[in-house]
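The residues making up each chain are set out below.
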Amino acid sequence: MPNYLLIANPASGRGQGRRRAEALRSALSDAARVEVVETTHRGAATELAATHASEFDRVIAVGGDGTLNEVVCGLIQTRLEAQDLPELGFLPSGTANAAVRAFGLASDPAVVGKALAQAVAQPGDVGVVSHAGGERAFLLWFGAGYDAVVIRALNETRTGLMGVSGLLGNTPRVVSALASYSAPPVDVQVEGSPFGTWYGVVVANVKDIAFGGVLVKDADPFDGHLDVLGIPQVGVPGLLGLAARTLTSSLTKAKGVRHRPATRVALTSEGEVLFHLDGEPVGTLPAVATLRSGAVRFLRT
């Protein structure tokens, strides 16, 4: 039987992380070894995953999308090949849980525990972003410009759900942030060739993101490429229209949006342009996103 390390954020889900980790531990009681460690600060899940990568067969992130992102970052930081890393799983206990939609995962600890007993890991893609602060991985999506402004506005509160309810509840804050954003142009290169100048850029590894939105209908974290989308300059009404298109169809269907597959995307701007990774604000451009195909073995439960 495989042995497990559960990396749990006890504060996730408004305090449900610890309880859900213990429930999963109970569901895995027949496993050879199950150890639970808790995060104590931002970045702790990365440190724990990197430190213990060689000691366990499987690492399960218990928390929100940010916790999952940190665990992925820790595994990538080891520089080990996928076959030498522990298999990666996720028990959602956050406020947005975009990864649940993106990977079609169960959320009940008992169901996840049962599924893990039969799960076969599949090599999945990871994006790695190089920027002034170093390198950081993303499993879901990387957004710069408009997208990152929305994420920052939502992260400034973190008082409620970060899904559709959270987005609707924070609409005044989000609209105000977008209205005051100067939207510096972003020059984009894909595979070393010009892709154009845009005011928002999304580099997606998955189809579904937070809030129930769809970026690219055929995006797949197991397909060996990323999907880059360029968003034109629009005002707040136009951005609300783009959001509506994302919720009802896909962002690629919105007027003026350009899309293409990519393995390397470079973003530069003369202005200050925020970017986020997997819904967590990280820094400002310039940044380069590079695909690492099959970099982690993901357990789909």
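Everything below is about the structure shown above.
Another aspect to go through is the overall build of the protein. Within the protein, the regular secondary structure consists of ten helices and 16 strands. Its C-alpha atoms give the protein a radius of gyration of 19 Å, near enough to 19 Å, the size a compact globule of 301 residues would have. Once the C-alpha set of the protein is aligned to its principal axes, its extents read approximately 55 × 40 × 30 Å. Split into buried and exposed, the 301 residues of the protein put 56% on the buried side. Summed over all atoms, the accessible surface of the protein reaches about 12,500 Å², with 49% contributed by carbon and sulfur.

What follows covers the pairing of strand β6 (residues 134–138). Bridge count between strand β5 (residues 122–131) and β6: five bridges; the pairing is antiparallel. Across the sheet, H131 pairs through a bridge with G134, a residue of β6. In textbook terms, the turn of a hairpin is the stretch between consecutive antiparallel strands, and for β5 and β6 this stretch comprises two residues.

Moving on to a positive patch on the surface. A surface patch of like charges, here positive, comprises K207, K217, R245 and K253. Within the fold, K217 resides in the loop between β10 (200–204) and β11 (226–231).

This part covers helix α2 (residues 17–27). Listed as buried for α2 are G17, R20, A21 and L24. Burial along α2 is one-sided: seen end-on, the buried residues are contained in an arc of 100°. If you follow the buried residues of α2, they end up packed against β1 (3–8), α1 (12–15), β2 (33–38), β3 (58–63), β4 (87–92) and α6 (109–118).

Here the focus is the packing of aromatic side chains. Tallying each qualifying case throughout the model produces six aromatic pairs. For the pair F103 and F298, a centre-to-centre distance of 4.3 Å together with 25° between the ring planes defines the contact as stacked. You can see F103 sitting in helix α5 (residues 98–103) and its partner F298 sitting in strand β16 (residues 287–298), a full 195 residues away along the chain. Of the two residues, F103 and F298, neither departs from the other in class, the shared state being buried. Taking the centre distance of 6.0 Å and the plane angle of 50° together, the rings of F138 and F142 count as tilted. Summarising the burial analysis for this pair, F138 and F142 share the class buried. Every member of this aromatic cluster is reached through a ring pair, and the members are F103, F222 and F298.

Before going further, it helps to spend a moment on the environment of A119. Position of A119 relative to the elements: it lies in the loop between α6 and β5. Take A119: its relative accessible area is 13%, and that puts it in the buried class. Expressed as a C-alpha distance, the spacing of A119 and F298, which sit 179 residues apart in the sequence, is 9.5 Å. Discounting residues that sit within four places of it in the chain, A119 has contacts with R58, L299 and R300.

Applying the stated criterion across every chain yields a total of ten salt bridges. The salt bridge involving E35 is made with R33; its shortest N-O contact spans 3.2 Å. Salt-bridge contacts for E87 lead to R58; the nearest nitrogen and oxygen are separated by 2.7 Å. Residue E87 is found in strand β4, and its partner R58 is found in strand β3; the two are separated by 29 residues along the sequence. Using a relative accessible area of 16% as the deciding quantity, one classes E87 as buried.

Of note, H131 is situated in strand β5. There is a polar contact of 3.1 Å between the side chain of H131 and the backbone nitrogen of G133. If sequence neighbours within four positions are ignored, H131 has contacts with F275, V282, P286 and A287.

For the rest of this paragraph, the subject is the nonpolar core. Core analysis: the largest hydrophobic core is formed by 88 residues, its most contacted members being F103 and F142. It is helix α7 (residues 146–155) that contributes the most residues to this core, seven residues altogether. Not counting chain neighbours up to four residues away, the residues in contact with F142 comprise V129, V201, V202, V203, L267, F275, H276, L277, A287 and A289. Grouped together as the second largest cluster of nonpolar side chains are 18 residues, Y4, A21, L24 and V112 included.

In contact at an axis separation of 8 Å, α2 and α6 are set at 40° when each is read in the N-to-C sense. Between α2 and α6, the angle falls in the class oblique. For α2 against α6, the interelement crossing comes out right-handed. Along the contact surface, α2 presents R20, A23, L24 and A27, while α6 presents P109, A110, V112, G113 and L116.

Our focus in this paragraph is helix α3 (residues 44–52). Residues of α3 that are buried: A44, A45, T46, L48, A49 and H52. At its buried positions, α3 is contacted by β1, β2 and α4 (65–77).

Criteria and thresholds
Residues numbered from 1 in each chain as written. Predicted model: local features only at pLDDT ≥ 70, side-chain atom pairs only at ≥ 80, totals over all residues. Heavy atoms only, no water. Helix = DSSP H or I, 4+ residues; strand = E, 2+ residues; numbered from the N terminus. Rg over C-alpha atoms; globule rule 2.2 N^0.38 Å. Buried < 20%, exposed > 50% of the residue type's maximum accessible area, 1.4 Å probe, protein only. Areas by Shrake-Rupley, 256 points an atom, 1.4 Å probe, with all protein chains shown as cover. Pairing = 2+ DSSP bridges. Patch = residues over 30% accessible without salt bridge, like charges linked within 9 Å, V, L, I, M, F, W, Y side chains within 5 Å. Salt bridge = Lys/Arg side-chain N within 4 Å of Asp/Glu carboxyl O. Lys, Arg positive; Asp, Glu negative; His and termini not counted. Charge placed at Lys NZ, Arg CZ, Asp CG, Glu CD. Arc of directions from axis to C-beta. Contact = heavy atoms within 4.5 Å. Phe/Tyr/Trp six-rings, centres within 6.5 Å; stacked < 30°, edge-to-face > 60°. Polar contact = N/O pair within 3.5 Å; in protein donor to acceptor, adjacent residues only side chain to side chain. Core = buried A, V, L, I, M, F, W, Y, C linked by side-chain atoms within 4.5 Å. Axes fitted to C-alpha atoms, helices over the stretch in contact; angles between N-to-C directions. Parallel < 35°, antiparallel > 145°, perpendicular 65-115°, else oblique. Left-handed = near helix turned anticlockwise from the far one by under 90°.

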